[in-house]
Amino acid sequence: AEVLHCVARVRTSKELSQFRCEFASSLQSSAMLRSACLAAVCVTASGFVGSSPAAMTASGRAQLPATSRAVRATSVLMVATGKPGAKINVKEGDFDISAPTKRVGEEEDTKEMIPAPRIETECGADYMPLLTALQCEQWEEADQITRDLLIWIGGAGPRSRNFVYFAEVKSLPMKDMKTIDNLWTTYSKGKFGYSVQKQIWNGKKAKGSFELFVTEIDWNKGPCGGCDKICSGCTGLLKRWVPVKAKGNEFVYDLAKAKKGHLPLTSALRGTYLLQSLLNHPAYGASTVVNGAWAGVKAAVVQEKFPMNEAARADASTYYKNKMPWDM
């Protein structure tokens, strides 16, 4: 109350100097220090810093002289302690008087703002949801949006059945496939994307083998069937995927923790035709995938039982009903 009463009496720079002297000698506790800091901020807001009064702009905001702005933090410290550079006893959560919009212990948001890559579409696709999800590092949502986009850009057939046949992939629009991949590679800083997965597939470690590929990008979680290690020609126990935000998803949606090429996901439960057709799309280079898709590689059967969602049964799905002899 005494502090506020004194602040109310301050009208001139001379009175401000007197105010400083009185409180510099009377501050005895951290509580009084914080009160004095508050008073100093009030005085500053009223148009005084150091001995220079502030000019009021047309909008009503205080415009500090250049010399006053340069010493503002020091001046406030002097009000509280009577000497420049002295430290004030504050606790976490208090406002930082040298940066009034920031609290003590609060870190500033230094996230890098990455400019969006060129976005092009041949079919009127809306890429704002994918762009926003990737900018916000919502990798799981971005992964699902990507699958939805593949269906949309596929045209009337995929939209009506809600999935894309592997044989239709080569007809997906070039500009749209490039846009999807550019968005992923841009915001993951080259860590995620179909073009990244293609490089890994054709690389020295995977050598065009689906079994080695899933290990390289962390789509499996260890050996299957009680083996001590993943056997040659076996994918191991593949990780489990569930719908967005559902419990039990074993894939990694963290840029720092995920392995290179981990996203976006492509189902290979019925074989690798769809995955390899995506990686083989001309949008990701003229070269084809090593050991081309039609080598007949099969994923290991997962010997693990999970609660069955009747609505998600394979034989009840649109995919199963429309399954053709060439689909795996």
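Residues numbered from 1 in each chain as written. Predicted model: local features only at pLDDT ≥ 70, side-chain atom pairs only at ≥ 80, totals over all residues. Heavy atoms only, no water.

(A) Quick peek at the overall build of the protein chain. When you go through the protein chain residue by residue, the secondary structure sums to 13 helices and six strands. Counting across all 328 residues of the protein chain, residues that qualify as buried make up 39%. Pairs at least 24 apart in sequence give 58% of the contacts found in the protein chain among residues at least 6 apart. With an accessible surface of roughly 19,000 Å², the protein chain has 54% of that area assigned to carbon and sulfur atoms. (Helix = DSSP H or I, 4+ residues; strand = E, 2+ residues; numbered from the N terminus. Buried < 20%, exposed > 50% of the residue type's maximum accessible area, 1.4 Å probe, protein only. Contact = heavy atoms within 4.5 Å. Areas by Shrake-Rupley, 256 points an atom, 1.4 Å probe, with all protein chains shown as cover.)

(B) Region of the structure containing helix α9 (residues 174-187). With 14 residues, α9 should cover 20 Å at 1.5 Å per step; its first-to-last C-alpha distance of 20 Å lies within 8% of that length. Those residues of α9 that sit buried are Asp176, Met177, Thr179, Ile180, Asp181, Leu183, Trp184, Thr185 and Tyr187. With its phi angle positive at about 55°, Lys189 sits one or two positions after the end of α9. (Expected span 1.5 Å × (residues − 1).)

(C) Layout of the nonpolar core. Residues Leu130, Trp184 and Phe213 are the most contacted members of the largest nonpolar core, which totals 47 residues. Apart from the residues within four sequence positions on either side, Phe213 is in contact with Gln197, Ile200, Trp201, Ala206, Trp219 and Leu275. (Core = buried A, V, L, I, M, F, W, Y, C linked by side-chain atoms within 4.5 Å.)

(D) The packing of α9 against helix α10 (residues 194-201), seen in detail. For the pair α9 and α10, the least separation of the axes is 8 Å and the interaxial angle reads 80°. By the criterion of interaxial angle, the relationship of α9 to α10 is roughly perpendicular. When α9 is examined against α10, the residues Ile180, Asp181 and Thr185 are found in contact with a partner set consisting of Tyr194, Ser195 and Val196. Here the contact of α9 with α10 is composed, by residue class, of three nonpolar, two polar and one charged. (Axes fitted to C-alpha atoms, helices over the stretch in contact; angles between N-to-C directions. Parallel < 35°, antiparallel > 145°, perpendicular 65-115°, else oblique. Nonpolar A, V, L, I, M, F, W, Y, C, P; charged D, E, K, R; others polar.)

(E) Structural context of the packing of helix α6 (residues 128-135) against α9. Relative orientation of the contacting elements α6 and α9 amounts to 15°, with a least axis distance of 10 Å. As summarised for this structure, α6 and α9 are arranged roughly parallel, according to the angle between their axes. Two packed elements cross with a definite hand, and for α6 against α9 that hand is right-handed. Each of Leu130, Leu131, Leu134 and Gln135 in α6 lies in contact with α9, whose residues at this interface are Leu183, Trp184 and Tyr187. For the contact of α6 with α9, the per-class residue count stands at six nonpolar, one polar and no charged. (Left-handed = near helix turned anticlockwise from the far one by under 90°.)

(F) Representation of the side chain of Lys239. With respect to the helices, strands and loops of the structure, Lys239 is situated in the loop between α11 (210-216) and α12 (273-279). Using a relative accessible area of 15% as the deciding quantity, one classes Lys239 as buried. Residues contacting Lys239, with those up to four places away along its chain left out, are Asp218, Trp219, Asn220, Lys221, Glu250, Phe251, Val252 and His262.

(G) Structural context of the packing of aromatic side chains. The full count for this structure, using the stated rule, is eight aromatic pairs. Their ring planes at 80° and their centres at 5.4 Å tell us that Trp139 and Phe192 sit as a pair that is edge-to-face. Remark: Phe192 occurs in the loop between α9 and α10 and Trp139 occurs in helix α7 (residues 139-153); sequence separation between them is 53 residues. Trp139 gets classed as buried once you look at its relative accessible area, which sits at 2%. (Phe/Tyr/Trp six-rings, centres within 6.5 Å; stacked < 30°, edge-to-face > 60°.)

(H) Broad picture of the confidence of the model for the protein chain. When the pLDDT values of the protein chain are averaged, the result is 73; 55% of them are 70 or greater. Across residues 27-31 the pLDDT falls below 50, and counting only partners more than four positions away or on other chains, this stretch makes seven contacts in the model. Long-range and interchain partners of residues 41-87, a stretch whose pLDDT sits below 50, account for 71 contacts in this model, where long-range means more than four residues apart. (pLDDT = per-residue confidence, 0-100.)

(I) Layout of the environment of Val196. Note on placement: Val196 falls in helix α10. You can call Val196 buried: its relative accessible area is 5%. Considered as a pair, Val196 and Asp181 are 15 residues apart in the sequence and their alpha carbons are 8.9 Å apart.

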